[in-house]
Amino acid sequence: MIVHHPGALTVLGRAALGPITMALALGIATAVAPVAGDDGFAVRLVPAVLTSLIAVPLIVVLWRRRGGLRGLGLTAGLRGLRGFLLGCVVTAASAAVVFGAGTAAGWLRWNALDPGSLAAFLVTNAIIAFLLEAFPEELALRGHAWSTLRSRFGRWAAAVGTTAMFLATPAMSFLVSAGIEVLAGGSPGAIGLAPAGQDPVSYLILLTVFGIALIAARGATGSLWTSIATHLTFLTVQRIVLDGETRDAGWSAEMATPDALLLVPAYLLLAAVVFVGVRWLTRPAARRDPVSRQAGPGTV
């Protein structure tokens, strides 16, 4: 029996449906957010829930046409739990090492710790970040897009393709949000490659490094839960260290020099190196078998 494999452009198109779905969900949620209000946990929860309610079922439907959900990397049981914990520990430990070095060098100064406020922030932020970004975005990118590209291309090509789609997702979501604003009779805000107020070049560089770390996390265990945990931990660290004061996180840092911003990509690169090391140490069979990269969807 002759098996006809889809062409490269067909696979690229299928892979792009993941980030397009995420951009659609995020754009709709962003447009709806101002209607819900300005502040408070319940108000911030609305767009987060809406994003997952739109993106996750669509990704599941797209993928079920090709096979079971295990191909997306959603490993179950202890394997999934171990993968999630590894993502949390590696990312948090890398941040602690790099930010600790930055503090010792005088680049960072820490404000007083409020344990109660920090605990409350960790809970509320985890819920919102998981539903708004970490889970649906990883399912769309490192799940659907990565697994689709791996079914046709090699590891490095899939990594580059997934990262490129990751960079395009925010811009696509801005376009969706602007389109909804126009249809509603409003005036769309500025449309660009980065959120308002952020330098596009710096933002894209950081997003690229972040994408590399997330791919490394996905490959370390073969479980999507590792990249989900990495994503969630990154958002938590960022919001405490850089935005802790404005978010009432109970702890925050002040930058004594603009160079302190380099600590963020530095700890992400450290985490990526650790994840690659974990893969190298725990999956020797993948190194010995050059054919394993052709194993099909979900192979990492």
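Fair warning: this is a prediction, and the values are worked out from it, not measured in the lab. (Residues numbered from 1 in each chain as written. Predicted model: local features only at pLDDT ≥ 70, side-chain atom pairs only at ≥ 80, totals over all residues. Heavy atoms only, no water.)

S.K.: Please clarify how the pattern of salt bridges should be interpreted in this entry.
M.R.: Pairing between side chains of opposite charge can happen when the charged atoms of each approach one another. Applying the stated criterion across every chain, the model contains two salt bridges. In this structure, R239 engages E133 in a salt bridge whose closest nitrogen and oxygen atoms are separated by 3.0 Å. Taken together, the residues R239 in helix α7 (residues 224-241) and E133 in helix α4 (residues 115-150) connect sequence positions 106 residues apart. Taken individually, R239 and E133 each receive the classification buried, so the pair is uniform in this respect. (Salt bridge = Lys/Arg side-chain N within 4 Å of Asp/Glu carboxyl O. Helix = DSSP H or I, 4+ residues; strand = E, 2+ residues; numbered from the N terminus. Buried < 20%, exposed > 50% of the residue type's maximum accessible area, 1.4 Å probe, protein only.)

S.K.: Would you mind showing me how to read the nonpolar core here?
M.R.: Formed by 61 residues in total, the largest nonpolar core has its most connected members in F99, L149, F234, Y267, L268 and F275. Breaking this core down by element, the ones donating at least two residues are α1 (8-36), α2 (41-64), α3 (77-104), α4, α5 (155-183), α6 (200-221), α7 and α8 (263-282). Residue contributions to this core peak at eleven residues, all from α4. Once you skip the residues sitting within four places of it in the chain, F275 turns out to touch L86, G87, V90, T91, A213, A216, A217, A220, T226 and T230. (Core = buried A, V, L, I, M, F, W, Y, C linked by side-chain atoms within 4.5 Å. Contact = heavy atoms within 4.5 Å.)

S.K.: What is the right way to look at the packing of α6 against α7 in this model?
M.R.: Two measures define how a pair of helices packs: the angle their axes make with one another and the distance between the axes. It is the contact of α6 with α7, at a shortest axis distance of 7 Å, that shows an interaxial angle of 145°. As α6 runs across α7, the sense of the crossing is right-handed. Residues F210, L214, A217, R218 and T221 of α6 touch α7, and the partners they reach there are L224, T226, S227, T230, H231 and F234. Tallied by class, the residues present in the contact of α6 with α7 amount to five nonpolar, five polar and one charged. (Axes fitted to C-alpha atoms, helices over the stretch in contact; angles between N-to-C directions. Left-handed = near helix turned anticlockwise from the far one by under 90°. Nonpolar A, V, L, I, M, F, W, Y, C, P; charged D, E, K, R; others polar.)

S.K.: So what exactly am I meant to see when it comes to the packing of aromatic side chains here?
M.R.: Two measures describe an aromatic ring pair: the distance that separates the ring centres and the angle between the ring planes. Counted by the stated rule, this structure contains eight aromatic pairs. Taking the centre distance of 5.3 Å and the plane angle of 15° together, the rings of F130 and F135 count as stacked. Of the residues examined, F130 reaches a relative accessible area of 24% and is grouped as partly exposed. The exposure class assigned to F135 is buried, which follows from its relative accessible area of 14%. Here a set of aromatic residues connected by ring pairs shows up, and it is made of F99, F166, F210, F234 and Y267. The cationic tip of R142 hangs over the ring face of F166; the distance from NZ or CZ to the ring centre is 4.3 Å. (Phe/Tyr/Trp six-rings, centres within 6.5 Å; stacked < 30°, edge-to-face > 60°. Lys NZ or Arg CZ within 6 Å of the ring centre and 35° of its normal.)

S.K.: Looking at this model, I keep getting lost on unusual backbone geometry. Mind explaining?
M.R.: What is expected of a backbone is that most residues other than glycine have negative phi and most peptide bonds are trans. The backbone of D248 shows a phi angle near 55°, a positive value even though the residue is not glycine. Take D248: its relative accessible area is 61%, and that puts it in the exposed class.

S.K.: Could you clarify how one ought to interpret a nonpolar patch on the surface in this entry?
M.R.: A cluster of nonpolar side chains, contributed by F41, V123 and I127, occupies part of the molecular surface with about 230 Å² of accessible area. Within the secondary structure, I127 is located in helix α4. On the accessibility criterion, I127 (34% relative accessible area) is partly exposed. (Patch = residues over 30% accessible without salt bridge, like charges linked within 9 Å, V, L, I, M, F, W, Y side chains within 5 Å. Areas by Shrake-Rupley, 256 points an atom, 1.4 Å probe, with all protein chains shown as cover.)

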